Amino acid sequence: MSEVYFAKVGASKHNERLPNKVRQLFDKAGFNDLITEKDMVALKLHFGEPGNTTFLRPQFTRQIVDKVKEYGGKPFLTDANTLYTGQRSNAVDHLNAAALHGFLPAVVDAPIIIADGLTGRDFVEVDVDLKHLKTVKFGAAAYHADVIGAISHFKCHVVGGIGGAIKNLGMGLGSRAGKQQMHSDTKPIVEGEKCIGCGTCAKWCPEDAIDIPDKAIINQDKCIGCGECLIQCPTKAINVRWDASSKNMQEKMVEYTYGVMKNKKDKTFFYNFLLDITPDCDCVPWSGKQIVPDIGIMASTDPIAIDQASADLVNQQTANPGSKIKTNVNPGDDKIHEVHNIDWDLQLKYGEEIGLGSRQYKIIEI
Ligand code: SF4
Ligand code: SF4
């Protein structure tokens, strides 16, 4: 059984402020023991796609930067470039997006290094020899760091169901080639009667895989399964056969996480922030209504336990009125499943199976 440390939202005095709780969690969860003097510590986060307003505030990251420095580490913030054609698909745009959202040295007191370099080609290939993948390709800066801290905004996700620690580390650090590997089963289809021929999907497709003679047609040979068209379509005309594709993608994401952690035994830590729990991830340039109220912050050294505990706590809430949750509104109902109709726990079951962590956890509230 793994330990997951937890601090609730809500404060009525100074030391109950959320930034303080971030610091307290660092010590209670024993993250200081993972850091040796002069260790380079990669803090993996998501700077948020411009237009999104529910990405994690730089203020939280700053608390973790300060704690890492207190224990002699050299922190830097990192993420890898995206597959889709948003504003984080190369290091220049990515750093500009980070700056736009307040991730600047004066605020976070740490440099930003885009893990897979200027154009996503700076990656290492690590042997994993697992069910789906023999090797994984992820950002070199993360591989060469001594310690990784995954700072994750916990919310729902269009392909994986949940976006937490596994998504942040596995999918997030994958190079562009790596992200293609993970997405390769996610081939979308167009429902002709819903398509209005607006062309938005073709504009966002990174592979030029969509023609719009009248209605959208996806060239399945060119499609890399990034899911971007699916998110952008205004009429929800694009869908994916989730049965096999989500399962495979979730499991590949887990294999990536396994690869990222492989040379960092006892050198990886996780924060999940259960705040602004939106229906989509921070890759979308908007923010949907939060599905449940803010809950708190978790910290653990086990990525499976922290994601399981986070999902369980979300599902234990009552749904926010007016959110995407219309049916599973009561405590105990699976709200996360309702958002994208995805069995989100497949990634956790597989992660446990390959020894990445445990779905059994004990919550220790601070
Ligand atoms: S058609 Fe394929 S490659 Fe193009 S945006 Fe959609 S999922 Fe991505
Ligand atoms: S974005 Fe949707 S509605 Fe517009 S062309 Fe593409 S599939 Fe059709």
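Details of the structure are given in the entry above.
Residues numbered from 1 in each chain as written. Chains lettered and ligands numbered in written order. Predicted model: local features only at pLDDT ≥ 70, side-chain atom pairs only at ≥ 80, totals over all residues.

Caption draft 1: Structural view of the overall build of the chain. When you go through the chain residue by residue, the secondary structure sums to 13 helices and 16 strands. A globule of 366 residues ought to have a C-alpha radius of gyration of about 21 Å, and the chain, at 19 Å, matches this closely. Structurally, the chain occupies a C-alpha span of about 60 × 45 × 40 Å along its principal axes. Per-residue burial for the chain yields a buried fraction of 52% across its 366 residues. A sequence separation of at least 24 residues applies to 76% of the contacts in the chain between residues at least 6 apart. (Helix = DSSP H or I, 4+ residues; strand = E, 2+ residues; numbered from the N terminus. Rg over C-alpha atoms; globule rule 2.2 N^0.38 Å. Buried ≥ 20, exposed ≤ 12 C-beta atoms within 10 Å, placed from the backbone. Contact = placed C-beta atoms within 7 Å.)

Caption draft 2: Seen up close, the packing of helix α6 (residues 165-173) against helix α11 (residues 303-315). For the pair α6 and α11, the least separation of the axes is 8 Å and the interaxial angle reads 130°. Comparing their axes, α11 and α6 come out oblique. Where α6 approaches α11, its residues A165, I166 and L169 are matched on the opposing element by P303, I306 and D307. (Axes fitted to C-alpha atoms, helices over the stretch in contact; angles between N-to-C directions. Parallel < 35°, antiparallel > 145°, perpendicular 65-115°, else oblique.)

Caption draft 3: Structural view of the site of ligand 1. Around ligand 1, 14 residues are found, and the nearest of them are C205, C223, C226, E228 and C229. For the shell around ligand 1, a count of residues per class yields 10 nonpolar, 2 polar and 2 charged. (Near = placed C-beta within 6 Å. Nonpolar A, V, L, I, M, F, W, Y, C, P; charged D, E, K, R; others polar.)

Caption draft 4: Expanded view of the pairing of strand β1 (residues 2-8). Across 5 bridges, β1 lies against strand β16 (residues 361-365) in parallel orientation. Directly across from V4, in β16, lies its bridge partner I363. Pairing of β1 with strand β15 (residues 296-300), which is carried by 4 bridges, proceeds in the antiparallel orientation. By the bridge assignment for β15, Y5 is matched with A299. (Pairing = 2+ DSSP bridges.)

Caption draft 5: Structural detail: the pairing of strand β2 (residues 40-44). With respect to burial, β2 is a largely interior element, 4 of its 5 residues being buried. Where β2 meets strand β3 (residues 74-79), 5 bridges bridge the pair, whose relative direction is parallel. Among the inter-strand pairings, M40 is bridged to a residue of β3, identified as K74. What joins β2 to β3 is helix α2 (residues 58-70), and the crossover it makes is right-handed. Where β2 meets strand β7 (residues 147-153), 4 bridges bridge the pair, whose relative direction is parallel. Note that in β7 the partner of V41 across the bridge is V147. (Right-handed = clockwise from strand over helix to strand, strands pointing away.)

Caption draft 6: Spatial organisation of the environment of R176. For R176, the position within the fold is in helix α7 (residues 176-183). In this structure the C-alpha to C-alpha distance between R176 and K155, which are 21 residues apart in sequence, comes to 23 Å. Look past the residues within four positions of R176 in its chain and what remains in contact with it is N81, L83 and G120.

Caption draft 7: Structural detail: unusual backbone geometry. Even without glycine at this site, K38 takes up a positive phi of about 75°. In this structure, K38 sits in the loop between α1 (18-28) and β2. With 9 C-beta atoms packed within 10 Å, K38 lands in the exposed category. Although it is not a glycine, D266 adopts a positive phi angle of roughly 60°. One can find D266 in the loop between α10 (242-261) and β14 (268-274). Classification of D266 by C-beta neighbours within 10 Å gives exposed; the count is 10.

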